[in-house]
Amino acid sequence: MVVAVMTSPETPPAPPSWPLEPDAAAMRSLVEAVSERLIEHIETLPQQRASDLEDADEVARATSIPILDAGRPLDELLELLFERAIPKSFNAAGPGYLAFIPGGGIFTTAVAGLLADATNRYTGVWTPAPVLSRLELDVVRWFCDLVGYGAASLGFLTSGGSLATLSGVIAARCDRLPEDGLAGGTVYVSDQIHHSVGKAARLAGIPAKNVRTIETDELFRLRVDLVVEAIREDRAAGKQPFLIVASAGTTNTGAIDDLDALADLAEAEGLWLHADAAYGGFFLLTEHGRRRLSGLARADSITLDPHKGLFLPFGTGALIVRDRATLEASHGVWADYLPTRQDDPDRVDWCQISPELSRPYRGLKVWLPLTLHGVAAFRSTLQEKLDIIRDATEALRAIEGIRIVAEPELTVVPFSIDRPDLDAEALSAKNRELTERVNARGRVLISGTILRGVFTPRLCVLAFRTHADRVAMAIEDVREALAEIG
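Residues numbered from 1 in each chain as written. Predicted model: local features only at pLDDT ≥ 70, side-chain atom pairs only at ≥ 80, totals over all residues. Heavy atoms only, no water.

**Focus: the sheet that holds strand E9 (residues 412–417)**
Next up, step 1: One open sheet holds the four strands; their spatial order is E8-E9-E11-E10, and the pairing between them is antiparallel. The sheet is open, and its two edges are formed by strand E8 (402–404) and strand E10 (447–451), each paired on a single side. The mean angle between the axes of side-by-side strands here comes to 40°, regardless of whether they run parallel or antiparallel.
Next up, step 2: Note: E10 against strand E11 (residues 454–460), five bridges, orientation antiparallel. (Pairing = 2+ DSSP bridges. Helix = DSSP H or I, 4+ residues; strand = E, 2+ residues; numbered from the N terminus. Axes fitted to C-alpha atoms, helices over the stretch in contact; angles between N-to-C directions.)

**Observations concerning the packing of aromatic side chains**
Next up, step 1: Tallied over the full model, the rule gives six aromatic pairs.
Next up, step 2: An angle of 85° between the planes, with centres 6.0 Å apart, marks the rings of Tyr 279 and Phe 283 as edge-to-face. Taken as a pair, Tyr 279 and Phe 283 share a single burial class, namely buried.
Next up, step 3: With 6.3 Å between their ring centres and 5° between their planes, Phe 311 and Phe 378 make a pair best called stacked. Placement of the pair is Phe 311 in the loop between helix H11 (306–309) and strand E7 (317–321) and Phe 378 in helix H14 (residues 375–397), with a sequence separation of 67 residues. Each member of the pair Phe 311 and Phe 378 is classed as buried.
Next up, step 4: The structure contains a cluster of three or more aromatic residues connected by ring pairs, namely Trp 142, Phe 143 and Phe 282. (Phe/Tyr/Trp six-rings, centres within 6.5 Å; stacked < 30°, edge-to-face > 60°. Buried < 20%, exposed > 50% of the residue type's maximum accessible area, 1.4 Å probe, protein only.)

**A closer look at the side chain of Thr 253**
Next up, step 1: By secondary structure assignment, the location of Thr 253 is in the loop between strand E4 (240–247) and helix H9 (259–269).
Next up, step 2: Here Thr 253 falls in the buried class, since its relative accessible area comes to 2%.
Next up, step 3: At 3.3 Å, the side chain of Thr 253 and the backbone nitrogen of Ala 255 are in polar contact.
Next up, step 4: In this structure, Thr 253 is in contact with Phe 220, Ala 406, Val 412, Pro 414 and Leu 451, ignoring residues within four places of it in sequence. (Polar contact = N/O pair within 3.5 Å; in protein donor to acceptor, adjacent residues only side chain to side chain. Contact = heavy atoms within 4.5 Å.)

**A few points about the nonpolar core**
Next up, step 1: The biggest cluster of nonpolar side chains holds 86 residues, and the ones touching the most others in it are Phe 143, Ile 244, Leu 296, Ile 302 and Ile 320.
Next up, step 2: Broken down by element, the residue count for this core peaks at seven residues, all from helix H5 (residues 130–147).
Next up, step 3: When sequence neighbours within four positions are dropped, the list of residues in contact with Leu 296 reads Val 147, Ala 248, Leu 259, Ala 275, Ala 277, Leu 284 and Ile 302.
Next up, step 4: Among the nonpolar cores identified, the runner-up in size contains 26 residues, and Ile 389, Ile 417, Val 454 and Leu 459 belong to it. (Core = buried A, V, L, I, M, F, W, Y, C linked by side-chain atoms within 4.5 Å.)

**Examining the sheet that holds strand E6 (residues 301–304)**
Next up, step 1: Pairing is mixed across the open sheet formed by seven strands, whose spatial order is E1-E7-E6-E5-E4-E2-E3. Of all strands in the sheet, those with a lone pairing partner are strand E1 (154–158) and strand E3 (211–214), marking the two edges. Strand-to-strand twist of the sheet, defined as the mean angle between neighbouring strand axes without regard to direction, takes the value 20°.
Next up, step 2: The sheet contact formed by E1 and E7 spans five bridges and is antiparallel. When the sheet's bridge partners are listed, Thr 158 is paired in E7 with Gly 317.

**Overview of a nonpolar patch on the surface**
Next up, step 1: On the surface, Leu 38, Ile 39, Phe 107, Val 111 and Leu 115 cluster together into a nonpolar patch covering about 390 Å² of accessible area.
Next up, step 2: Top element by residues in the nonpolar patch is helix H4 (residues 107–119). It accounts for three residues.
Next up, step 3: Residue position: Phe 107 is located in helix H4.
Next up, step 4: The class for Phe 107 is partly exposed, based on a relative accessible area of 41%. (Patch = residues over 30% accessible without salt bridge, like charges linked within 9 Å, V, L, I, M, F, W, Y side chains within 5 Å. Areas by Shrake-Rupley, 256 points an atom, 1.4 Å probe, with all protein chains shown as cover. Salt bridge = Lys/Arg side-chain N within 4 Å of Asp/Glu carboxyl O.)

**Remarks on the packing of helix H15 (residues 424–440) against helix H16 (residues 468–485)**
Next up, step 1: Between H15 and H16, whose axes approach to 9 Å, the crossing angle comes to 125°. Classified by the interaxial angle, the pair formed by H15 and H16 is oblique. Seen from above, H15 lies across H16 with right-handed handedness. Counted together, Lys 430, Glu 433, Leu 434, Arg 437 and Val 438 of H15 and Asp 477, Val 478, Ala 481, Leu 482, Glu 484 and Ile 485 of H16 form the full contact between these two elements. (Parallel < 35°, antiparallel > 145°, perpendicular 65-115°, else oblique. Left-handed = near helix turned anticlockwise from the far one by under 90°.)

**Let's talk about the pairing of E6**
Next up, step 1: Neither face of E6 is exposed, since Ser 301 and Thr 303 on one face and Ile 302 and Leu 304 on the opposite face are all buried.
Next up, step 2: For the crossover from strand E5 (residues 272–277) across helix H10 (residues 287–292) to E6, the handedness is right-handed.
Next up, step 3: By the bridge criterion, four bridges tie E6 to E7 in an arrangement that is antiparallel. Paired with Ile 302 across the strands is Ile 320, a residue of E7. (Right-handed = clockwise from strand over helix to strand, strands pointing away.)

**Some points on unusual backbone geometry**
Next up, step 1: Backbone geometry places Phe 100, a non-glycine residue, at a positive phi of 50°.
Next up, step 2: Mapped onto the secondary structure, Phe 100 falls in the loop between helix H3 (74–85) and H4.
Next up, step 3: In the Ramachandran plot, Phe 311 falls in the positive-phi region, its phi being about 65° despite a non-glycine side chain.
Next up, step 4: For Phe 311, a relative accessible area of 2% translates into the label buried.

Here is the structure:
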């Protein structure tokens with residue numbers, strides 16, 4: 001190993017001890033103590049409850065400790081974390097987490113985070129760390145290649161889909177609206193779109209009333225014909241349509257909009273097309289995903305979440321765009337005190353294409369697991385989840401008194417108690433009780449959403465530790481909970 005070391009006879013010896021600079025023995029002891037608790041925690045995940053919020057608020061109040069001048073022993077703090085704080089939560093790292101869209105948490109990314117944080121290199125600008133910046137650029141280029149973008153494309157890593165979508169909306173606004181056009185700028189979304197899109201539009205200066213929510217069809221996909229009508233109406237009213245946001249895998253049902261039809265419409269009308277592929281995008285690694293996501297490469301910008309489809313820990317998202325110039329035009333601001341600006345297409349100053357100047361080195365947290373495990377490991381894991389949801393759907397369908405609300409396009413299946421005699425309110429109450437009874441067993445955690453005015457349980461299989469045996473438990477718990485409700 002080569003380490004750059006500076007020596008000088010004039011450099012005074014280091015002081016014997018600084019409280020924030022532990023020596024080698026102290027660092028080794030710290031890492032070993034934490035590793036021991038972490039490994040024990042991970043190994044016992046299958047036996048842990050999928051969720052434990054009983055008396056969580058009381059535990060939170062009792063656990064609150066003052067920040068003092070004097071430090072506390074590490075053992076005491078680890079005990080607090082692993083015995084009181086971490087257990088009182090949704091167990092998103094466990095195999096029973098079938099709620100919402102599961103995040104990941106593969107261990108190799110945690111190791112990458114330790115490496116990135118401990119070495120603490122700055123990568124907001126290319127010059128301070130060219131090789132590390134290049135590794136991150138390789139990750140982003142792989143994302144662009146995966147969706148089918150060309151050489152002019154680029155993107156950046158974010159803290160998640162919300163900030164990726166915000167930058168996508170800002171890029172669209174700058175590219176398709178005049179500077180004085182915010183008041184009339186109009187966005188078109190489906191009634192199944194992720195809530196972060198509306199928030200991004202507001203933060204980007206678009207009036208809330210200009211975010212047009214369009215109905216979906218029987219498969220919960222954005223109705224293109226209604227978007228056409230809305231654009232015509234808005235232009236006649238003097239507004240300035242500029243953005244359509246498509247879903248490439250919704251949170252509610254996993255629905256995928258007709259991406260080719262929306263791309264045709266956007267091109268014909270001169271609108272920017274943004275695709276929310278935070279959940280669905282990495283299914284492009286599978287044959288099924290490539291078929292279902294046909295047309296994704298025609299979007300002007302795409303939100304991806306490696307902390308979903310690549311199973312990385314929460315806090316790793318991405319935005320990619322077909323044309324790098326649109327990011328530079330919408331996000332680029334330079335300063336005299338920064339190092340020399342890069343105009344080489346093989347280099348990138350991340351601060352010039354994204355909102356952040358100070359930023360963590362996220363690239364290593366994606367690069368290390370991809371290069372260490374290889375892409376095939378991620379592909380096979382995603383395919384496993386597709387196979388599991390197919391079998392789970394048939395198992396749910398076989399339960400008398402349960403109906404499938406929407407056939408899964410990816411790995412989400414919403415289902416309901418089959419009671420056509422009940423109105424929406426009464427059926428919602430039954431479905432909520434079913435969900436609560438399933439979750440009370442502690443083996444799995446499922447969540448619900450509102451579909452066509454009815455609370456609807458849903459099962460989402462994406463956690464990398466979730467395998468067929470745990471989903472079989474979920475089916476068994478649904479069957480038994482339904483029998484209890486009667």
